[in-house]
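Listed here are the chains, written in short residue letters.
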Protein chains: 2
Amino acid sequence: MNYNFSKKVSELKPSVIREILKFTGMPGIIPFAAGNPAAEAFPTAAVEEISAKILRERPIDALQYSITEGYPKLRETVRNLMKKQDSVKDFDDVIITSGAQQVMNLSTQALCNEGDTIICESPSFIGSLNAFRSFNVKLRGVPLESDGMNLEELERALKEEPKARFIYVIANFQNPSGVTTSLEKRKAIYELAKRYKVLIVEDNPYGETRFEGEALPNIKSMDTDGIVIYAGSFSKVISPGLRVGYAIAPKEVIAKLTVCKQVSDVHTGIFGQLIVDSFVNDYDFDAHIAKIKEIYGRKSRLMMQALDTKCPALRYNKIQGGLFIWCDLPSGINMLDFAKEAVEKSVAVVPGNAFLMSENEPCNSIRLNFSTPSDEQIVSGVDILSGLLS
Amino acid sequence: MNYNFSKKVSELKPSVIREILKFTGMPGIIPFAAGNPAAEAFPTAAVEEISAKILRERPIDALQYSITEGYPKLRETVRNLMKKQDSVKDFDDVIITSGAQQVMNLSTQALCNEGDTIICESPSFIGSLNAFRSFNVKLRGVPLESDGMNLEELERALKEEPKARFIYVIANFQNPSGVTTSLEKRKAIYELAKRYKVLIVEDNPYGETRFEGEALPNIKSMDTDGIVIYAGSFSKVISPGLRVGYAIAPKEVIAKLTVCKQVSDVHTGIFGQLIVDSFVNDYDFDAHIAKIKEIYGRKSRLMMQALDTKCPALRYNKIQGGLFIWCDLPSGINMLDFAKEAVEKSVAVVPGNAFLMSENEPCNSIRLNFSTPSDEQIVSGVDILSGLLS
């Protein structure tokens, strides 16, 4: 039987990362290709207490259908958290989503016709790129520099793409590059979006992981014109398995995202929403975040030190947060061959071309993750990579 | 700011039911408009035990990222459950979804280009109709008779719609009509789909609620050709709040649904999947289903008896399962006025036109739900409706 899949998805392939992840579960593989939060970063004891309390005191609330917009108290909690970052405006509303990934899906469905353009940092997060592709939109990449997108190229893209609908930005510790967009560039991106009448989707899954340096204002905090959709997530600060994220955007936009969500999955699992809301309000959330920063700061330094010592030929940008280090291989080494040899030696890394607008663009980089492997695996994995480089 | 929403969603409105549901939460409103499982049907004590055990013994499994296809053990559990109904073929695979609603979303995204046609029973479930609409497909309704779709009209639709991609069928206790498609018509629908080379999406959220009569074979059980996508759900038999459903379909189709799901929400909440899997395997699932049948049998009889006694002017089909009774108002009564008066008198009902391909088609029916209201509310709500009819 020929199933004649739709044009928008017939070319869509499984994410290379998710495919590699299947191998990383195999015994003995060192998972530098993953993006999982460190297991020790989960507030397991608190979740155990909270779950018991919810199911003892209000089980029906945890098990019954709920409303599409999300648990009202959690929406208020998100509003309060994000007000501290000046990232909820008077015209904004909040929707709880099934992870921040769903914000990309809903935003694309609500805003883009087939053939429209989304402007992306290049490289960018493959999960988002694939979400955009699944609605048959065109991706226009703008080269990412060490302080954010190249602004001349961004403006050129805005001029050349009359059907551009939004600019997709991960301003903090970008996945995969680790780049943090400077304050100056955040302002410039906002002004360009405004001038060319396109929206911005600001995805900030890693903001709270900053283990070094001062936090920069979100682009959303500059949003006097109602042109920014902000995507946040509890995946990196509480648990990704519960699938609880959110979007903050002007009420009109949230209303449309809500209709799209209603027909996608009715609502986000309510038990997970209740757990997240209780953890943020009834426990010391700030102390927990401090602990996460400590864990990732330590693990990232461990990997960077190992790379500096063992793999001086690998070039990378020092990072101040996030979960990833983006490494350029020495010229003369074929990146795909290297990634293949690495996995044969039991180290899984992600080939950098997975993050480009087209996998066929030249790429000599790999993405390494330091949150999933144990400290011992970080050291031995970098050892193995160094063997492949010598 | 004019946000220029996409063509596919600019016309999409929130589901009338979800909107009415907001009122049904208001104190004093009798919720005949809802579709919530009865609170007493939830296995709350078991879920409390299971959750505690999972979080004590394997918290990381419940909180970490998981794979898009779903928890492998739960996929096997679903396979075993559905084998008993001969509804998993050798060529089939299983994906766990965020409720059965997501199966409609993913199937439409994977199979339909904009402008393609989906053939639906008329009336049909508004959540699915809106999911289809959100991809800008055309809905072609086929009148539903007391034993399933009118077959001549179905064949006419298949002839007249060369871009038909699938037939959407709820064969058991259809929402909203309560109709169960006869065995003869199940076979005929399958043969027509095969002859005209379209797929069938068989949605079976209520199958396990049958409180009277003998179960009929699923259309999926007849699927020798790999043309049926079967959608199932644990919402009505365990909990809708956990959002755990599934699709069974040929491997090629499941592979494409998996790619679409990956970019939609990465995976279904894993804690919920673990809870569902444990409940089915470690508890007496059959006894729990027997209890659910008992609850809904009793509540449906209570409502039908009250209707027979108090509202003889309302005509409805006797039902053998499901959560809904579809009532035709006496001619001369304006349906929308009636629904409005009912909610003013504190009884929320769903206007039947919500379930048609176009809300502007003539309709003199309303949908009543008996699972959400208490027994007392069933009696007093029907009393109030009878007052409006006299």
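Residues numbered from 1 in each chain as written. Chains lettered and ligands numbered in written order. Predicted model: local features only at pLDDT ≥ 70, side-chain atom pairs only at ≥ 80, totals over all residues. Heavy atoms only, no water.

(A) Spatial organisation of the sheet that holds strand β3 (residues 117–122) of chain B. Residue and element names in this part refer to chain B. Here we have eight strands laid out as an open sheet, ordered β2-β9-β8-β7-β6-β3-β4-β5, and mixed in their pairing. The open sheet terminates on both sides in strands that have one partner only, identified here as β2 (92–97) and β5 (148–149). Helix α5 (residues 72–83) contacts β2, β8 (228–233) and β9 (245–250) of the sheet and is inclined by roughly 120° relative to β2. (Pairing = 2+ DSSP bridges. Helix = DSSP H or I, 4+ residues; strand = E, 2+ residues; numbered from the N terminus. Contact = heavy atoms within 4.5 Å. Axes fitted to C-alpha atoms, helices over the stretch in contact; angles between N-to-C directions.)

(B) Spotlight on the pattern of salt bridges. All names here are of chain B. Under the definition given, this model contains 46 salt bridges over all chains. We note a salt bridge from D225 to K194, for which the minimum N-O separation is 3.5 Å. A residue pair is termed long-range when its members are at least 10 positions apart, and D225 in the loop between β7 (199–203) and β8 and K194 in helix α9 (residues 183–195) qualify at 31 residues. Classification of D225 as partly exposed rests on a relative accessible area of 27%. (Salt bridge = Lys/Arg side-chain N within 4 Å of Asp/Glu carboxyl O. Buried < 20%, exposed > 50% of the residue type's maximum accessible area, 1.4 Å probe, protein only.)

(C) Representation of unusual backbone geometry in the model. The step from S122 of chain B to P123 of chain B runs through a cis peptide bond, and the omega angle for that step is 5°. With respect to the secondary-structure elements, P123 of chain B resides in the loop between β3 and α7 (126–133). That bond from N175 of chain B to P176 of chain B is cis: its omega, 15°, falls within 30 degrees of zero. Tracing the sequence through the fold places P176 of chain B in the loop between β6 (164–169) and α9. Positive phi is not limited to glycine here, since K197 of chain A has a value of about 55°. Counting through the fold element by element, K197 of chain A comes out in the loop between α9 (183–195) and β7 (199–203). Residue K197 of chain A is classed as exposed on the basis of its relative accessible area, which comes to 68%. Here R243 of chain A, not a glycine, exhibits a phi torsion of approximately 55°, which is positive. Assignment of secondary structure puts R243 of chain A in the loop between β8 (228–233) and β9 (245–250).

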